[in-house]
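A closer look at the structure
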Amino acid sequence: MQQAIVIATTPSTNPFLQNLLYSINGYDKYPIIILSDYNYELGKIKFMVEHIDFDEFLLLHDTCEIKDTSLFDIVFKLMSGKSVSLSTSPSPCGSYLGKYRREVLEKMTIPKISSKLETVDQEEIFNRSYPDEWHYLKPTLKNSNIFVNKFGKDVMVLENKYLIKYKSTWTRSQIKPS
(Lines give C-alpha, C1' and ligand atoms only; values in the text may rest on other atoms or scores of the structure.)
Protein backbone atom coordinates (compact mmCIF):
# COMPACT_ATOMS: atom_id res chain seq x y z
CA MET A 1 0.00 0.00 0.00
CA GLN A 2 1.37 3.39 -0.99
CA GLN A 3 0.99 6.05 1.70
CA ALA A 4 2.19 9.64 1.96
CA ILE A 5 2.09 12.73 4.12
CA VAL A 6 0.73 15.70 2.17
CA ILE A 7 1.39 19.22 3.40
CA ALA A 8 -1.07 21.85 2.17
CA THR A 9 0.54 25.26 1.95
CA THR A 10 0.51 28.54 0.05
CA PRO A 11 3.41 30.75 -0.99
CA SER A 12 2.30 33.37 1.57
CA THR A 13 2.57 31.07 4.62
CA ASN A 14 6.23 30.12 4.33
CA PRO A 15 7.11 30.74 8.03
CA PHE A 16 4.46 28.20 9.07
CA LEU A 17 5.70 25.69 6.49
CA GLN A 18 9.28 26.06 7.71
CA ASN A 19 8.08 25.54 11.30
CA LEU A 20 6.26 22.31 10.34
CA LEU A 21 9.23 21.03 8.34
CA TYR A 22 11.55 21.80 11.27
CA SER A 23 9.26 19.75 13.55
CA ILE A 24 9.70 16.69 11.29
CA ASN A 25 13.31 17.38 10.32
CA GLY A 26 14.96 14.14 9.22
CA TYR A 27 11.73 12.11 9.19
CA ASP A 28 11.67 9.92 6.10
CA LYS A 29 9.60 6.82 6.86
CA TYR A 30 6.79 7.99 4.56
CA PRO A 31 7.09 10.27 1.54
CA ILE A 32 6.32 13.92 2.25
CA ILE A 33 4.61 15.81 -0.57
CA ILE A 34 4.36 19.60 -0.32
CA LEU A 35 1.57 21.15 -2.41
CA SER A 36 1.92 24.93 -2.57
CA ASP A 37 -0.74 26.90 -4.41
CA TYR A 38 -3.92 28.87 -3.75
CA ASN A 39 -6.38 26.04 -4.51
CA TYR A 40 -7.40 25.46 -0.90
CA GLU A 41 -7.51 21.99 0.68
CA LEU A 42 -9.99 20.44 -1.76
CA GLY A 43 -7.79 21.52 -4.66
CA LYS A 44 -4.92 19.65 -3.08
CA ILE A 45 -7.07 16.57 -2.41
CA LYS A 46 -8.24 16.66 -6.04
CA PHE A 47 -4.63 17.00 -7.24
CA MET A 48 -3.63 13.92 -5.24
CA VAL A 49 -6.44 11.86 -6.77
CA GLU A 50 -5.82 13.04 -10.33
CA HIS A 51 -2.02 13.17 -10.44
CA ILE A 52 -0.32 11.14 -7.70
CA ASP A 53 -1.02 7.45 -7.25
CA PHE A 54 -1.09 6.85 -3.49
CA ASP A 55 -3.66 4.63 -1.78
CA GLU A 56 -3.80 6.77 1.37
CA PHE A 57 -2.53 10.20 2.30
CA LEU A 58 -2.53 12.19 5.48
CA LEU A 59 -3.38 15.82 4.80
CA LEU A 60 -1.71 18.30 7.13
CA HIS A 61 -1.76 22.09 7.00
CA ASP A 62 1.47 24.02 7.05
CA THR A 63 0.03 25.50 10.27
CA CYS A 64 0.60 22.21 12.08
CA GLU A 65 3.57 21.28 14.21
CA ILE A 66 4.42 17.64 14.90
CA LYS A 67 5.23 16.79 18.51
CA ASP A 68 5.45 13.00 18.15
CA THR A 69 6.10 11.29 14.81
CA SER A 70 4.52 8.06 16.09
CA LEU A 71 1.38 9.80 14.79
CA PHE A 72 2.34 8.61 11.30
CA ASP A 73 2.65 4.92 12.25
CA ILE A 74 -0.66 5.10 14.10
CA VAL A 75 -2.41 6.57 11.07
CA PHE A 76 -0.67 4.47 8.41
CA LYS A 77 0.03 1.14 10.16
CA LEU A 78 -2.40 0.76 13.04
CA MET A 79 -5.23 2.37 11.06
CA SER A 80 -4.22 1.09 7.63
CA GLY A 81 -7.15 0.86 5.23
CA LYS A 82 -9.24 3.25 7.34
CA SER A 83 -10.13 6.90 6.90
CA VAL A 84 -8.83 8.81 9.92
CA SER A 85 -9.98 12.15 11.32
CA LEU A 86 -7.46 14.13 13.38
CA SER A 87 -9.89 16.92 14.30
CA THR A 88 -13.54 17.17 15.26
CA SER A 89 -13.79 20.97 15.09
CA PRO A 90 -16.19 21.83 13.55
CA SER A 91 -16.98 18.34 12.20
CA PRO A 92 -15.26 15.06 11.34
CA CYS A 93 -11.93 15.82 9.68
CA GLY A 94 -12.21 19.47 10.70
CA SER A 95 -9.80 21.72 8.82
CA TYR A 96 -9.52 18.77 6.42
CA LEU A 97 -6.96 17.27 8.83
CA GLY A 98 -7.03 13.56 8.28
CA LYS A 99 -6.12 10.53 6.26
CA TYR A 100 -8.06 10.19 3.03
CA ARG A 101 -8.33 7.03 0.95
CA ARG A 102 -8.08 7.10 -2.85
CA GLU A 103 -10.69 4.39 -3.38
CA VAL A 104 -13.20 6.49 -1.44
CA LEU A 105 -12.27 9.82 -3.03
CA GLU A 106 -12.58 8.33 -6.52
CA LYS A 107 -16.30 7.76 -5.83
CA MET A 108 -16.84 11.43 -5.05
CA THR A 109 -17.12 14.66 -6.97
CA ILE A 110 -14.52 16.96 -5.48
CA PRO A 111 -15.79 20.52 -5.85
CA LYS A 112 -13.64 23.32 -7.23
CA ILE A 113 -13.24 25.99 -4.55
CA SER A 114 -12.67 29.64 -5.36
CA SER A 115 -12.94 31.39 -1.97
CA LYS A 116 -12.17 31.01 1.72
CA LEU A 117 -15.91 31.04 2.47
CA GLU A 118 -16.48 28.13 0.08
CA THR A 119 -13.68 26.09 1.62
CA VAL A 120 -15.06 26.70 5.12
CA ASP A 121 -18.56 25.66 3.98
CA GLN A 122 -17.22 22.56 2.21
CA GLU A 123 -15.17 21.58 5.27
CA GLU A 124 -18.37 20.22 6.78
CA ILE A 125 -20.31 19.35 3.60
CA PHE A 126 -17.49 17.42 1.93
CA ASN A 127 -16.28 15.56 5.00
CA ARG A 128 -19.81 14.64 6.14
CA SER A 129 -20.59 13.31 2.64
CA TYR A 130 -17.31 11.34 2.47
CA PRO A 131 -18.69 7.81 1.88
CA ASP A 132 -16.57 5.95 4.42
CA GLU A 133 -16.63 5.67 8.18
CA TRP A 134 -14.34 8.12 9.93
CA HIS A 135 -12.07 6.62 12.58
CA TYR A 136 -10.66 9.07 15.08
CA LEU A 137 -7.16 9.68 16.35
CA LYS A 138 -7.49 9.90 20.12
CA PRO A 139 -7.42 12.41 21.52
CA THR A 140 -8.82 14.37 18.59
CA LEU A 141 -8.02 18.02 18.05
CA LYS A 142 -10.77 20.37 19.22
CA ASN A 143 -11.23 24.12 19.31
CA SER A 144 -9.84 25.67 22.48
CA ASN A 145 -9.72 28.93 24.39
CA ILE A 146 -5.95 29.15 23.96
CA PHE A 147 -4.68 31.86 21.61
CA VAL A 148 -1.13 32.88 20.73
CA ASN A 149 0.58 35.11 18.22
CA LYS A 150 2.54 32.97 15.79
CA PHE A 151 4.53 34.61 13.00
CA GLY A 152 2.56 37.83 13.43
CA LYS A 153 -0.86 36.17 13.31
CA ASP A 154 -3.28 35.63 16.18
CA VAL A 155 -4.17 31.93 16.13
CA MET A 156 -6.17 29.44 18.16
CA VAL A 157 -4.15 26.48 19.45
CA LEU A 158 -5.59 22.99 18.99
CA GLU A 159 -3.28 20.46 20.57
CA ASN A 160 -2.92 16.84 21.59
CA LYS A 161 0.09 14.68 22.39
CA TYR A 162 0.93 14.21 18.68
CA LEU A 163 0.55 17.63 17.10
CA ILE A 164 -0.41 21.26 17.36
CA LYS A 165 -2.67 23.00 14.84
CA TYR A 166 -2.47 26.80 14.75
CA LYS A 167 -5.93 27.80 13.51
CA SER A 168 -6.22 31.27 12.01
CA THR A 169 -9.95 31.16 11.20
CA TRP A 170 -12.32 29.92 13.89
CA THR A 171 -15.44 31.99 13.17
CA ARG A 172 -17.15 32.93 9.91
CA SER A 173 -16.90 36.60 10.87
CA GLN A 174 -13.13 36.40 10.28
CA ILE A 175 -13.63 35.61 6.60
CA LYS A 176 -13.23 38.59 4.33
CA PRO A 177 -15.61 38.72 1.36
CA SER A 178 -13.85 37.92 -1.89
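Our subject is the structure listed above.
Here's a quick rundown of the structure. Nothing here was measured: the structure is a model prediction, and the numbers come from that model.

So, how was this worked out
Residues numbered from 1 in each chain as written. Predicted model: local features only at pLDDT ≥ 70, side-chain atom pairs only at ≥ 80, totals over all residues. Heavy atoms only, no water. Core = buried A, V, L, I, M, F, W, Y, C linked by side-chain atoms within 4.5 Å. Buried < 20%, exposed > 50% of the residue type's maximum accessible area, 1.4 Å probe, protein only. Helix = DSSP H or I, 4+ residues; strand = E, 2+ residues; numbered from the N terminus. Contact = heavy atoms within 4.5 Å. Phe/Tyr/Trp six-rings, centres within 6.5 Å; stacked < 30°, edge-to-face > 60°. Salt bridge = Lys/Arg side-chain N within 4 Å of Asp/Glu carboxyl O.

Some thoughts on the nonpolar core
Grouped together as the largest cluster of nonpolar side chains are 26 residues, with contacts concentrated most on Leu60, Ile66, Leu71, Phe72, Leu86, Leu137 and Leu163. When residues of this core are traced back to their parent elements, those giving at least two are strand E1 (3-9), helix H1 (14-23), strand E3 (56-61), strand E4 (64-66), helix H3 (70-78), strand E5 (83-87), strand E7 (134-141) and strand E9 (153-159). If you tally residues by element for this core, the top one is H3, at five residues. Among all residues touching Leu71, those that are not within four sequence positions of it are Ile66, Leu86, Leu137, Tyr162 and Leu163.

Some remarks on the packing of aromatic side chains
In this structure the tally under the stated criterion is eight aromatic pairs. Ring centres 4.6 Å apart and planes at 40 degrees place the aromatic pair Tyr30 and Phe76 in the tilted group. Of this pair, Tyr30 sits in the loop between H1 and strand E2 (32-36) while Phe76 sits in helix H3; the two residues are 46 residues apart in sequence, bridging distant segments of the chain. Their ring planes at 85 degrees and their centres at 5.6 Å tell us that Tyr100 and Trp134 sit as a pair that is edge-to-face. With a gap of 34 residues between them, Tyr100 in strand E6 (residues 98-101) and Trp134 in strand E7 connect regions that are remote in the sequence. As far as burial versus exposure is concerned, Tyr100 and Trp134 are alike and both buried.

Observations regarding the pattern of salt bridges
Evaluated as defined, the whole model comprises 11 salt bridges. Between Asp53 and Arg102 there is a salt bridge whose closest N-O contact spans 3.5 Å. With Asp53 in the loop between helix H2 (40-51) and E3 and Arg102 in helix H4 (residues 102-105), this residue pair connects regions lying 49 residues apart in the sequence. Residue class for Arg102 comes out buried when judged on its relative accessible area of 10%. The structure contains a network of salt bridges with shared partners spanning Asp53, Arg102 and Glu106.

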